[in-house]
Amino acid sequence: VRQPIQVRKDIRTNFYSTWHYHEELELTLILKSNGTRFVGDSIQKFSDGDLVLIGENIPHVWKNSDSYFHGTSTKTAEAIVIHFKKNFAGNDFFSMPEMSRIKSLINEANRGICFKGKVKPLVSEKIKALIKKSPFDQILGLLEILNIMANTQEYSVLSSLGFTTSFSSTNGEQINKIYEYIIEHFRTEITLEKAAHIAHMTPTSFCRFFKSRTRKTFTQFLNEVRIGFACQLLMEDKMDVSQVCFDSGFNNLSYFNRQFKKIKKEIPTSYRKKHKITVI
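As a starting point, this report considers the structure included with it. (Residues numbered from 1 in each chain as written. Predicted model: local features only at pLDDT ≥ 70, side-chain atom pairs only at ≥ 80, totals over all residues. Heavy atoms only, no water.)

**What about the sheet that holds strand β3 (residues 35-39)?**
As a reminder, the rule being used: When DSSP locates at least two bridges between a pair of strands, those strands are taken to pair. Helix and strand definitions here come from DSSP, where helices need a minimum of 4 consecutive H or I residues and strands a minimum of 2 consecutive E residues; each element is numbered from the N-terminal end. Axis definition: a line fit to C-alpha positions, over the contact stretch in the case of helices; interaxial angles, taken between N-to-C directions, run 0 to 180 degrees. By definition in these notes, contact holds between two residues if any of their heavy atoms fall within 4.5 Å.
If you trace the three strands from one edge of the open sheet to the other, you get β4-β3-β6, paired in antiparallel fashion. Since the sheet does not close on itself, it has two edges, and those belong to β4 (42-46) and β6 (60-64), each with one partner. Taken over all neighbouring pairs, the strand axes of this sheet differ in orientation by 20° on average, direction set aside. Pairing of β3 with β6 involves five bridges; the strand directions are antiparallel. Residue pairing in the sheet places Val39 in a bridge with His60 of β6. Packed onto the sheet, helix α8 (residues 218-236) meets β3 and β4 and runs at close to 15° relative to β4.

What follows is the structure, given as structure tokens:
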């Protein structure tokens, strides 16, 4: 019989990098890794300590930095992942007045939630402790963790409401194929015609479909994915801006600079100075 809560510790050379979704909620604590995190239409860098709660059927993927795929790399990607159904404590459990905040948290997780500040180390230690607990104590421990997360303001919502609404529609599978293709190939040339072909549509029909389902144009979303990846490269500070531009899938430096400023509200060099990190 499948347990109501699945707790596992992953230690591998790199994370499972396929865009995917499932009916369980997922609470992920990154112990040791870095790269780019995709949750719905949110594209952000991640590193050690990243703590994210993802709702049911929200597509997501953690893609490791290029350094994880070098032939000589000795790096490991380590995380604790908890999967649980929203009714893991019983069908009516979260309908009780005392559980109202946790119920709201689970509902808000439909857009993905990233936790910050002082709540992160507190929750992280409790997540680590779940690994060795009995199934009964894991249920109690998860309830305690959810209660802490439900009573903090130290978090940000990740995916847009527009994406969540569109993806849960009857066209979710079709949108998923398009998103997966973009995320797998954004560093190379992606034409509108190729994306339309994957969706089995004419380019004109595809443009209307994509905009109506995501509230963004195809080009806008593609640029956001590329800029999100460029931000990671800028923070790692191993390339100059022109190299970052081309490695992120752009083929024109001035266009890259315009799009970066449009999306991030600052120029790439300014972004690098503010967010530079050291990657070992």
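**Observations regarding the environment of Met239**
Among the structural elements, Met239 can be located in the loop between α8 and α9 (241-247). Spatially, the C-alpha atoms of Met239 and Gln138 are 44 Å apart, while their sequence positions differ by 101 residues. What Met239 contacts, discounting residues up to four positions off in sequence, is Leu233, Val244, Asp247 and Arg272.

**Comments concerning the pattern of salt bridges**
This is how it is decided: For salt bridges, the criterion is a side-chain nitrogen of Lys or Arg within 4 Å of an Asp or Glu carboxyl oxygen. Here's how the labels work: a residue is buried when its accessible area is under 20% of the maximum for its type, exposed when over 50%, partly exposed in between, all with a 1.4 Å probe on protein chains only.
Scanning all chains against the criterion turns up 13 salt bridges. Among the salt bridges present, the one from Arg37 reaches Asp50, with a minimum N-O distance of 2.9 Å. Taken together, the residues span a long stretch of sequence, with Arg37 in strand β3 and Asp50 in the loop between β4 and β5 (51-54) at a distance of 13 residues. Each member of the pair Arg37 and Asp50 is classed as buried. As a salt-bridge pair, Asp66 and Arg187 come within 2.9 Å of each other at their nearest N and O atoms. Here Arg187 lies in the loop between α5 (172-185) and α6 (192-198) and Asp66 lies in the loop between β6 and β7 (77-84), a separation of 121 residues in the sequence. With a relative accessible area of 31%, Arg187 lands in the partly exposed category.

**Here we look at the sheet that holds strand β2 (residues 25-32)**
A sheet is described by the order of its strands in space; here six strands give the open sequence β1-β7-β2-β5-β8-β9, paired in antiparallel fashion. Whereas interior strands pair on both sides, the edge strands pair on one side only; in this sheet they are β1 (5-12) and β9 (155-157). The average angle at which neighbouring strand axes cross in this sheet is 20°, direction not considered. Here strand β8 (residues 113-115) runs beside β9; their pairing, made up of three bridges, is antiparallel. Bridge assignment links Ile113 to a residue of β9, and that residue is Val157. Packing of helix α1 (residues 100-108) onto the sheet brings it into contact with β2, β5, β8 and β9, and relative to β8 it is tilted by some 115°.

**A short note on the packing of aromatic side chains**
As a reminder of what qualifies: When the centres of two rings from Phe, Tyr and Trp lie within 6.5 Å, Trp using its six-membered ring, the rings pair. Their planes under 30 degrees apart give stacked, over 60 give edge-to-face, and anything left gives tilted. Whether a charge sits over a ring depends on NZ of Lys or CZ of Arg being within 6 Å of the ring centre and within 35 degrees of the ring normal.
As enumerated under the stated definition, the model contains 17 aromatic pairs in all. Centroid distance Tyr179 to Phe210: 6.0 Å. Interplanar angle 25°. Geometry classified as stacked. With Tyr179 in helix α5 and Phe210 in helix α7 (residues 203-214), this residue pair connects regions lying 31 residues apart in the sequence. On the basis of relative accessible area, Tyr179 is assigned to the buried category, the value being 1%. Seen from their ring centres, Phe210 and Phe221 are 6.2 Å apart, and the 55° between their planes marks the pair as tilted. Here the residue Phe210 occupies a position in helix α7, and Phe221 occupies one in helix α8, the gap between them amounting to eleven residues. Counting every residue linked through ring pairs, the aromatic cluster contains Tyr179, Phe206, Phe210, Phe218 and Phe221. A cation over an aromatic ring shows up here: Arg226 above the ring of Phe250, its NZ or CZ 5.8 Å from the ring centre.

**Examining the environment of His185**
Structurally, His185 can be placed in helix α5. Exposure remark for His185: the relative accessible area of 33% places this residue in the partly exposed category. Measuring from C-alpha to C-alpha, the distance between His185 and Gly249 comes to 8.7 Å, with 64 residues separating the pair along the chain.

**Remarks on the pairing of β7**
Taking burial as the measure, the eight residues of β7 include eight buried ones, the bulk of the element. Residue alternation in β7 divides its side chains into two sets, Ala77, Ala79, Val81 and His83 and Glu78, Ile80, Ile82 and Phe84, and both sets are buried. Examined bridge by bridge, β1 and β7 share eight bridges and lie antiparallel to one another. By the bridge assignment for β7, Ile5 is matched with Phe84. As paired strands, β2 and β7 are joined by seven bridges and run antiparallel to one another. Directly across from Leu25, in β7, lies its bridge partner Phe84.

**Remarks on the layout of surface pockets**
This is how the line gets drawn: Here the term cavity refers to a set of points on a 1 Å grid, laid over the protein atoms alone, in which a 1.4 Å probe fits but cannot get out; the term pocket refers to an open set having protein on both sides within 12 Å along at least five of seven lines, with lining residues being those that place an atom within 4 Å of a point. Grid points are joined across faces, edges and corners, and a volume is the space filled by probe spheres set on the points.
Empty space within the largest pocket amounts to approximately 570 Å³. In terms of lining, the largest pocket is formed by 30 residues, of which the most central are Ser42, Ile43, Gln44, Lys45 and Lys264. Only β4, β8, α8, α10 (253-264) and α11 (268-275) provide two or more residues apiece to the lining of the largest pocket.

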